[in-house]
Amino acid sequence: QVQLVESGGGLVQAGGSLRLSCAASGRTFSGYTMAWFRQAPGKERKFVAAINWSGGSSDSVEGRFTISRDNAKNTVYLQMNSLKPEDTAVYYCAAGMWGTAVAQYAYWGQGTQVTVSS
């Protein structure tokens, strides 16, 4: 089992920045691909970014977001810059296999709300 706890969400104006953190505990953190997904009200959960154990990453947000991880601290981060109102969503941290699909991740955090005002 892997337990994931997100933090760092909040309310920010358009154009601003936030950094989300996800602290992991339980089984070996470094063995998992870590990812961020987001879910807006009434919409399906969508892939944001992923990073594998060695630091290789992929993202879907036009280069505005950067994922990173610190294996020594069992923590993954999502730096979000130039935020837009359409980035408003609950952001979830996940651990699993490399990929962009929800089904590829076995472990999930409880989510953290990000709200971007115009």
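For the structure, check the block above.
Residues numbered from 1 in each chain as written. Predicted model: local features only at pLDDT ≥ 70, side-chain atom pairs only at ≥ 80, totals over all residues. Heavy atoms only, no water.

Participant: Please explain the sheet that holds strand β8 (residues 75–80) as it appears in this structure.
Facilitator: Strand pairing in a sheet is mediated by backbone hydrogen bonds. Such pairs are either parallel or antiparallel. Pairing in this open sheet of four strands is antiparallel, and the strands run β1-β3-β8-β7 from one edge to the other. The open sheet has two edge strands, β1 (2–7) and β7 (65–70), and neither has a second partner. Strand after strand, the sheet turns through a mean of 20° between neighbouring axes, direction not considered. The sheet contact formed by strand β3 (residues 18–26) and β8 spans six bridges and is antiparallel. Bridge assignment links A23 to a residue of β8, and that residue is T75. (Pairing = 2+ DSSP bridges. Helix = DSSP H or I, 4+ residues; strand = E, 2+ residues; numbered from the N terminus. Axes fitted to C-alpha atoms, helices over the stretch in contact; angles between N-to-C directions.)

Participant: Sorry, what's going on with the side chain of T75 here?
Facilitator: Note on placement: T75 falls in strand β8. Taking the relative accessible area as the measure of exposure, T75 reaches 11% and is therefore buried. Here the side chain of T75 touches K73 through a polar contact of 2.8 Å, landing on its backbone oxygen. When residues no more than four places from it in sequence are discounted, the contact partners of T75 are S21, C22, A23, F29, R69 and D70. (Buried < 20%, exposed > 50% of the residue type's maximum accessible area, 1.4 Å probe, protein only. Polar contact = N/O pair within 3.5 Å; in protein donor to acceptor, adjacent residues only side chain to side chain. Contact = heavy atoms within 4.5 Å.)

Participant: Would you take a moment to explain the nonpolar core for this structure?
Facilitator: In summary, soluble globular proteins display a tendency toward joint burial of nonpolar side chains. Ranked by size, the top nonpolar core spans 28 residues in total, and within it L4, M34, W36, V76, L78, M80 and Y91 carry the most contacts. Of all the secondary structure elements, the ones that give two or more residues to this core are β1, β3, β4 (33–39), β5 (46–51), β7, β8, β9 (89–96) and β11 (112–117). The residues contacting M80, other than those within four sequence positions of it, are G16, S17, L18, L20, R64, F65, Y91 and V114. In terms of nonpolar packing, the next biggest core, distinct from the first, is built from six residues, A35, F47, A94 and Y105 among them. (Core = buried A, V, L, I, M, F, W, Y, C linked by side-chain atoms within 4.5 Å.)

Participant: It is not clear to me how the packing of aromatic side chains should be interpreted in this structure. Could you clarify?
Facilitator: Two numbers describe a pair of aromatic rings. These are the distance of the centres and the angle of the planes. Counted according to the given criterion, the structure contains six aromatic pairs. The interplanar angle of 75° and the centroid separation of 5.4 Å between the aromatic rings of F37 and Y105 together place this pair among those described as edge-to-face. Of this pair, F37 sits in strand β4 while Y105 sits in strand β10 (residues 105–108), and the two are 68 residues apart along the sequence. We note that F37, like Y105, is buried. Counting every residue linked through ring pairs, the aromatic cluster contains F37, F47, Y92, Y105 and W108. The residue whose ring lies beneath R45 is W108, and the NZ or CZ to ring-centre distance is 4.9 Å. (Phe/Tyr/Trp six-rings, centres within 6.5 Å; stacked < 30°, edge-to-face > 60°. Lys NZ or Arg CZ within 6 Å of the ring centre and 35° of its normal.)

Participant: Would you explain the state of the cysteines in this entry?
Facilitator: Disulfides are covalent bonds that connect the sulfur atoms of two cysteines. As enumerated under the stated definition, the model contains one disulfide in all. Paired by a disulfide, C22 and C93 hold their sulfur atoms 2.1 Å apart. Linking C22 and C93, the disulfide has an S-S dihedral of approximately -80° and is accordingly described as left-handed. Residue C22 is located in strand β3, and its partner C93 is located in strand β9; the two are separated by 71 residues in the primary sequence. Among the residues examined, C93 registers a relative accessible area of 0% and is labelled buried. (Disulfide = S-S within 2.5 Å.)

Participant: Whenever I open this one, the pairing of β11 confuses me. Can you help?
Facilitator: In the case of a regular strand, side chains alternate between the two sheet surfaces. Residues T112, V114 and V116 line the buried face of β11, whereas the alternating positions Q113, T115 and S117 sit on a face that is not buried. Summarising the sheet, strand β2 (residues 10–13) and β11 pair through four bridges and their orientation is parallel. Within the sheet, the bridge partner assigned to L11 lies in β11 and is T115. Relative to β11, β9 runs antiparallel, the two being bridged by three bridges. The partner of V90 across the bridge, within β11, is Q113.

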